[in-house]
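Fold and geometry: a report
Chain residues, written in single-letter form:
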Amino acid sequence: MARTFDKLAYNSLNDFVYGSAPNPVKCKNGMVIGGGEIYPELNFTLPPMEVNAGTMPEIKEIYSEMINGVLKRAKELYAPGLVVEFEMLPEMTLVPEWGIEISNLLRNAMSEYEAKYGLKSALRSTPGDVREFKRPPLMRSGEIFDNLLKTIEGSAKGGADFIAIESTGGKEIHDDALVNADLTKVIFALGIMGTRDMKFLWEHIVRISKENGAQAAGDTACGFANTAMVLAHKGFIPNVFAAVVRVASAARTLAAYEAGAVGPNKDCGYEGVYAKAIAGIPIAMEGKSAACAHLSAVGNIAAAVADLWSNESVTNVRLLSDIAPVVSIEQLIYDCRLMNVAKQKGYGITFRDLLADSDSKWDPQAYILRPDVVFDISKELVKAKTPFLRTKAGAKLAIDAIRKAVDNKEVFIAEREKNWLDIMDDQVAAIPDDEEKFWHELKGELELDKFIPSEYDLD
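Let us look at the structure shown here.

The rules behind the values
Just so you know, the residues in each chain are numbered from 1, in the order the chain's sequence is written. Reporting in this predicted model follows two pLDDT cut-offs: at least 70 for local features of residues, and 80 or more for side-chain atom pairs to be given and counted; totals over whole chains, interfaces and linings ignore these cut-offs and use all residues. Water and hydrogen atoms were dropped before computing side-chain values, which therefore reflect all heavy atoms in the structure. The cut-offs for exposure are 20% and 50% of the maximum accessible area for each residue type, with area from a 1.4 Å probe on protein chains only; residues under the lower value are buried, those over the upper are exposed, and the others partly exposed. Each helix is a run of H or I in the DSSP string that is no shorter than four residues. Each strand is a run of E no shorter than two, and both are numbered from the N terminus. Note on contacts: a residue pair is in contact if any heavy atoms of the two residues lie within 4.5 Å. Grid points spaced at 1 Å and placed over the protein atoms alone form the basis of the search, with a cavity being a set where a 1.4 Å probe fits but cannot get out and a pocket an open set showing protein on both sides within 12 Å along at least five of seven lines. Lining residues have an atom within 4 Å of a point. Grid points are joined across faces, edges and corners, and a volume is the space filled by probe spheres set on the points. One requirement defines pairing of two strands: DSSP has to find at least two bridges between them.

**As for helix α10 (residues 272-279)**
The buried count for α10 comes to eight of eight residues, which makes it a mostly enclosed element. Among the residues making up α10, those that are buried are Gly272, Val273, Tyr274, Ala275, Lys276, Ala277, Ile278 and Ala279. The inward-facing, buried residues of α10 abut β1 (20-26), α8 (239-248), α9 (250-258), β8 (284-286) and α14 (371-381). Looking one or two residues past α10, Gly280 carries a phi angle of roughly 75 degrees, positive in sign.

Structure follows, in structure tokens:
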């Protein structure tokens, strides 16, 4: 069911807070995401090892150890509920039976704990977007695409509550555009290639999920905006550039909800705050408790309007206390417990603002996640008539918001980065509003052997 979002999902900034969403998602067991309470979402993965038919028995034992350890600790800490995300390694989607089998193993353990102890939980099954394994990628057909859909269908049939993905449409151009800090090509990759692929892919995911008893949850610009975040952290591109890419990626992530997805949005999609403001869907976010997976400048502010609080992912290594997934679920449960109590005592907005204020001035990537900034930018984003124009508008709005904040000393950026605001402004101003015109203007500058234009409805 195609949807169009032309106004905010909120009437007041005071309602834009963690744990609550205008369009909460109810699970089969009655657990509600975005219904007033923030829950932990745990993601775990294998230690470095081969994934093949010969290692599958050992792999299943490792996943069994992780899920049972996590559920046991959640029960001991009286968690009111939790979400577990199973992010499949590429081999587990390329061979659908492997991913489906582990997804079912996790769901069965979770159902057993619910039956025995009343511990409510939901499983997010996230197949890998293995379409990029063939170069240039076939995005809409072929054996790899068929195996992706089979994995989605099998996970849903096996009892997964939510289906998500980190889709990759547009990365063929976006990767080089990022390294070269080329905002023109970033906007082409996100706003034309990415949003067109999202529409196509999510129409399939929504249909398959509905037919097989699961809910289509959401996507993430992880391979785009998070790659920018990591490159900025390492000093390869400016922080202001990464911040602008984050807001520009919002239209791409929103395309899943336009295609009928319902949330919760995926944790590594920090641009999910814009999707929440516009579509009203619940979102997962990650911050300080995801330091086991990657470092960031958004450790506290990421939680300000989250409905699920995630660790991103942790490998199954043994620490002094227990295996790492058990340690992560404890950290997440305590974070959520504090946030929920603050809200119950009437301090939800105060706590949200403390989370935001503690981070927002130190990095433009944190600043553009401020609830008030998200609210203001989103009001303008919804005026754009197409996903492409929304992508272009997102970049311009982010540049303007950061420039104003720098002038007002609300965010600090390095002196060498200030001229990048002007560079990006000029790049956005030169992009035409017509998609086909933009494509034909840019065509000569693109490496056409890296992608298949027809896979994106480009001729």
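**Section: empty space enclosed by the protein**
Counted under the stated rule, the structure contains one cavity of 30 Å³ or more. Within this model, the largest cavity holds a volume of roughly 50 Å³. Lining the largest cavity, in full, are Ala225, Met229, Ala242, Arg246, Tyr270, Val298, Gln365, Ile368 and Leu369. Looking at the lining of the largest cavity, the elements with two or more residues in it are α7 (222-233) and α8.

**A closer look at the pairing of strand β3 (residues 39-45)**
Counting buried residues along β3, seven of its seven residues qualify, which places the element largely inside the surrounding structure. Alternating positions in β3 separate into two faces, Tyr39, Glu41, Asn43 and Thr45 on one and Pro40, Leu42 and Phe44 on the other, with burial throughout. Where β3 and strand β9 (residues 308-310) come together, three bridges link them in parallel fashion. Pairing of Pro40 across the sheet is with Trp309, part of β9.

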